[in-house]
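# Fold and geometry: a report
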Amino acid sequence: MKILAFESTCDETAVAVVEDGRKILSDQIFSQADLHAVYGGVVPEIASRCHVESISILARRAIEAAGITKQDIDAVAVSYAPGLIGAVLVGVNFAKSAALALGVPLIPVHHIRGHMAANYLAYPELEPPYLCLAISGGNTLLVDVRDYTDMKIIGATRDDAAGECFDKTARVLGLPYPGGRPIDQLSQGGDDTRYSFPIGHVDGNPYDMSFSGLKTAVINLVHNAEQKGEEIDRAALAASFTKAVSDSLVPRTMQAAAELGRDRIVIAGGVAANSRIRADFQKAAAEHGYQLFIPPLKLCGDNGAMIGAQAYYEYLAGVRAGSDLNAYATMEL
Ligand code: KG4
């Protein structure tokens, strides 16, 4: 089954063709990051307008690159929530029109479910059940994935997402947006014991997380140093910060896997590209005897293929949208 899949929830316009949820036939992505970098973050209206300009070009290219014709498409899928509402609307509206014009079913896909499904594209052997940590720019969730479409959130950030924390830390260090990769690069070789940062704990649920205290600690440290005219060891700061994020994620995930009796751990989302976090998860999973799945770097960030992958399983579960499908800024997983 060939699915034409659309992703436009933030600052990537992406269209892919995916076969049977596992094989990427084409994956076209236009990243707007450079357009937003000058503002230090995503400007919603610019994002929406850019999606409008590029989505039909990418759709044509995705079909061509897959070596198929429009008639070969069996269904259309779209990431319909959560995200910047004006941006999501562009993808939803285009996908609805495409499904109508092609006379094929329309499958709505939750953006975070898509991130998780990126792993199905990279690992043919991966099947539920598993425990998933989804770490992106807007969400940080620990999810018990019982089946392809049956999942339960067991923990979440109570405030900032992990990616947001990387982006804010990068901003205070004068690094470009999005800040995750520049912090990753800066931290290489930095002394991660040089600065001590708090690891967020919240009352009530051991699997809930908090990153706002860490963010504030970094901002205060940088501002205090500036006021006193003190030099900051930037590489050490980036490394110490990344260690604090990783220490917040890795032990919690290991503990949750043990409690739920899951022996497979899946990591998903843009922050899964972080070299330190990947290495820490690899080490911890090996120590605990868990199988670990982390997407290759190109499938960590937003892409259309991940939407096509999850859409296949949503389709098998009977999920369909009508032509009244709307876009949503927030949505339960
Ligand atoms: O999943 P994603 O592409 O978009 C959302 O769905 O939110 O995640 C984007 C986030 C940004 O906050 C970005 O700074 C972060 O992923 N990111 C990283 C790295 N690469 C991207 N964070 C840490 N280390 C990286 N190497």
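Procedures and definitions
Residues numbered from 1 in each chain as written. Predicted model: local features only at pLDDT ≥ 70, side-chain atom pairs only at ≥ 80, totals over all residues. Heavy atoms only, no water. Pairing = 2+ DSSP bridges. Helix = DSSP H or I, 4+ residues; strand = E, 2+ residues; numbered from the N terminus. Axes fitted to C-alpha atoms, helices over the stretch in contact; angles between N-to-C directions. Contact = heavy atoms within 4.5 Å. Parallel < 35°, antiparallel > 145°, perpendicular 65-115°, else oblique. Nonpolar A, V, L, I, M, F, W, Y, C, P; charged D, E, K, R; others polar. Salt bridge = Lys/Arg side-chain N within 4 Å of Asp/Glu carboxyl O. Buried < 20%, exposed > 50% of the residue type's maximum accessible area, 1.4 Å probe, protein only. Domains from an automatic or database assignment. Buried area = accessible area lost by both parts, 1.4 Å probe. Polar contact = N/O pair within 3.5 Å; in protein donor to acceptor, adjacent residues only side chain to side chain. Near = heavy atom within 4 Å. Areas by Shrake-Rupley, 256 points an atom, 1.4 Å probe, with all protein chains shown as cover.

This paragraph deals with the sheet that holds strand S7 (residues 140-147). Across the sheet, 5 strands lie side by side as S8-S7-S6-S9-S10; this open sheet has mixed pairing. Edge positions in the sheet fall to strand S8 (150-156) and strand S10 (291-293), since each has one partner strand and no second. Sheet twist, expressed as the average angle between the axes of neighbouring strands with direction ignored, equals 25°. Where strand S6 (residues 130-135) lies against S7, 6 bridges are found, and the strand directions are antiparallel. Bridge pairing in S7 links Ile135 to Thr140. Contacts between helix H8 (residues 234-260) and the sheet are confined to S6, S7, S8 and strand S9 (264-268), with S6 contributing the most and set at about 155° to the helix.

It is the contact of helix H4 (residues 111-122) with helix H10 (residues 304-316), at a shortest axis distance of 7 Å, that shows an interaxial angle of 95°. Taken together, the axes of H4 and H10 lie roughly perpendicular to each other. Facing His111, Arg113, Gly114, His115, Ala117, Ala118, Tyr120 and Leu121 of H4, the residues of H10 in contact are Ala305, Met306, Ile307, Ala309, Gln310, Tyr313 and Glu314. Broken down by class, the residue content of the contact of H4 with H10 amounts to 9 nonpolar, 4 polar and 2 charged.

Counting across every chain of the model gives 12 salt bridges. Lys2 serves as the salt-bridge partner of Glu19, at 3.4 Å between the closest nitrogen and oxygen. Remark: Lys2 occurs in strand S1 (residues 2-7) and Glu19 occurs in strand S2 (residues 12-19); sequence separation between them is 17 residues. Residue Asp160 is joined to Lys215 by a salt bridge in which the shortest nitrogen-to-oxygen separation is 2.8 Å. Of this pair, Asp160 sits in the loop between S8 and helix H5 (162-172) while Lys215 is found in helix H7 (residues 212-228), placing the two residues 55 residues apart along the sequence. For the pair Asp160 and Lys215, a shared accessibility class is recorded, and that class is buried. A single network of salt bridges, built from pairs that share partners, joins Asp192, Arg276 and Asp280.

What follows is about the domain arrangement of the protein. Under the domain assignment used here, the protein contains domain 1 (2-116 + 301-316) and domain 2 (127-299). Each of domain 1 and domain 2 was reduced to a C-alpha centroid, and the two centroids are 26 Å apart. The interface of domain 1 with domain 2 comprises 20 residues on the first partner and 22 residues on the second. Of the roughly 1,600 Å² buried where domain 1 meets domain 2, counting both sides, 62% is carbon and sulfur surface. Put simply, domain 1 and domain 2 have 0 salt bridges between them. Where domain 1 packs against domain 2, one counts 4 residue pairs in polar contact (both at pLDDT 80 or more). Among the secondary structure elements, those contributing two or more residues to the side of domain 1 that touches domain 2 are strand S3 (23-31), helix H1 (33-37), H4 and H10. The greatest single-element share of the side of domain 1 that touches domain 2, amounting to 4 residues, is contributed by H4. Within the side of domain 1 that touches domain 2, the residues separate by chemical class into 9 nonpolar, 6 polar and 5 charged.

In terms of burial, S7 is a largely internal element, 6 of the 8 residues being buried. Taking the residues between adjacent antiparallel strands as the criterion, S6 and S7 are bridged by 4 residues. By the bridge criterion, 6 bridges tie S7 to S8 in an arrangement that is antiparallel. Opposite Asp147, over in S8, you have Asp150 as the bridge partner. Here S7 folds back onto S8 in antiparallel fashion, the turn holding 2 residues.

As a matter of local geometry, the ligand sits amid 20 residues, with His111, Gly137, Asp167, Gly180 and Gly270 nearest to it. At a separation of 3.4 Å, an oxygen atom of the ligand approaches a polar backbone atom of Gly138. Within the contact set of the ligand, a nitrogen atom lies 3.1 Å away from a side-chain nitrogen or oxygen of Asn274. With the chains in place, 87% of the 560 Å² that the ligand exposes on its own is no longer accessible. Elements supplying a minimum of two residues to the shell around the ligand: H4, H5 and helix H6 (180-187). The class makeup of the residues in the shell around the ligand is 4 nonpolar, 12 polar and 4 charged. Looking at which domains feed residues into the shell around the ligand, each of domain 1 (2-116 + 301-316) and domain 2 (127-299) supplies at least three.

As a further point, take unusual backbone geometry. For the bond running from Ala81 to Pro82, omega is -15°, close enough to zero to count as cis. Omega for the peptide link from Pro128 to Pro129 comes to 5°, which places this bond in the cis form. Summarising the element assignment, Pro129 is placed in the loop between H4 and S6. Of note, the phi angle at Asp20 is positive, near 50°, even though the residue is not glycine.

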